[in-house]
Amino acid sequence: MALEVGDTFPGGTVLTLGDDGRPAPVELGEKLEGRKVVIFALPGAFTGTCSTAHMPSFVRTADEIRGKGVDEVICLSVNDPFTLSAWGTQLGADDAEITMLADAGGEVTKALGQDFTAPPAGLYGRSKRYVCVVENGKITHVGAEPNPGECQISSGEAVLEAL
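A short tour of the structure in this document, coming up. (Residues numbered from 1 in each chain as written. Predicted model: local features only at pLDDT ≥ 70, side-chain atom pairs only at ≥ 80, totals over all residues. Heavy atoms only, no water.)

Turning our attention to the overall build of the protein. Regarding its fold elements, the protein presents 5 helices and 9 strands. For the protein, the succession of helices and strands along the chain, N to C, is β-β-α-β-α-β-α-β-α-β-β-β-β-α. At 14 Å, the protein has a C-alpha radius of gyration in line with the 15 Å of a compact globule built from 163 residues. Its C-alpha atoms give the protein principal-axis dimensions of roughly 35 × 35 × 30 Å. Residues counted as buried form 46% of the 163 residues belonging to the protein. Roughly 7200 Å² of accessible area belongs to the protein as shown, and the carbon and sulfur atoms make up 48% of that amount. Across the protein, 12 positive and 23 negative side-chain charges occur, with their mean positions spaced 2 Å apart. (Helix = DSSP H or I, 4+ residues; strand = E, 2+ residues; numbered from the N terminus. Rg over C-alpha atoms; globule rule 2.2 N^0.38 Å. Buried < 20%, exposed > 50% of the residue type's maximum accessible area, 1.4 Å probe, protein only. Areas by Shrake-Rupley, 256 points an atom, 1.4 Å probe, with all protein chains shown as cover. Lys, Arg positive; Asp, Glu negative; His and termini not counted. Charge placed at Lys NZ, Arg CZ, Asp CG, Glu CD.)

Okay, here's the thing in structure tokens:
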């Protein structure tokens, strides 16, 4: 499946780090139902472009994005919830109220056809870099990078313009 406007964003169980410090399941389909959500996906916590460009762009713009009628800003990554949470805290995602969701087994990423492997970088089964606006489960905007090392059409600023 390619990311295309009009398609249904796949459901599936992803993980967040609960208040008790334990992984907690989140049913993605239920989370998207009846809501307008921005989901940005990236190759991984603590990786170069993700740390220097992608996440910071959403930390800067999250309030403005929500001001455009978006109910929630979600970061989705093929990571474990512990790493994703620590990384998000370090970069200010908590303060920006960005929801960190770990697609730990990559099932949602694979269902979207957005998985890739880059052995020279030590990345296996990771997510390509993209952003989607999802309204009531349907994709209404896509910004997918042609290269996971780039962050222009999937940035917070780019999706803010699209809204």
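This part takes up the pairing of strand S3 (residues 36–42). Burial analysis of S3 places 7 of its 7 residues in the buried class, the great majority of the element. Burial along S3 is two-sided: Lys 36, Val 38, Phe 40 and Leu 42 and Val 37, Ile 39 and Ala 41, pointing in opposite directions, are all buried. In terms of strand pairing, S3 meets strand S8 (residues 130–135) through 6 bridges, oriented antiparallel. In the sheet register, Lys 36 faces S8, and the bridge partner there is Glu 135. With 6 bridges joining them, S3 and strand S4 (residues 72–77) adopt parallel strand pairing. When the bridges of S4 are listed, Val 38 appears paired with Val 73. For the crossover from S3 across helix H2 (residues 48–66) to S4, the handedness is right-handed. (Pairing = 2+ DSSP bridges. Right-handed = clockwise from strand over helix to strand, strands pointing away.)

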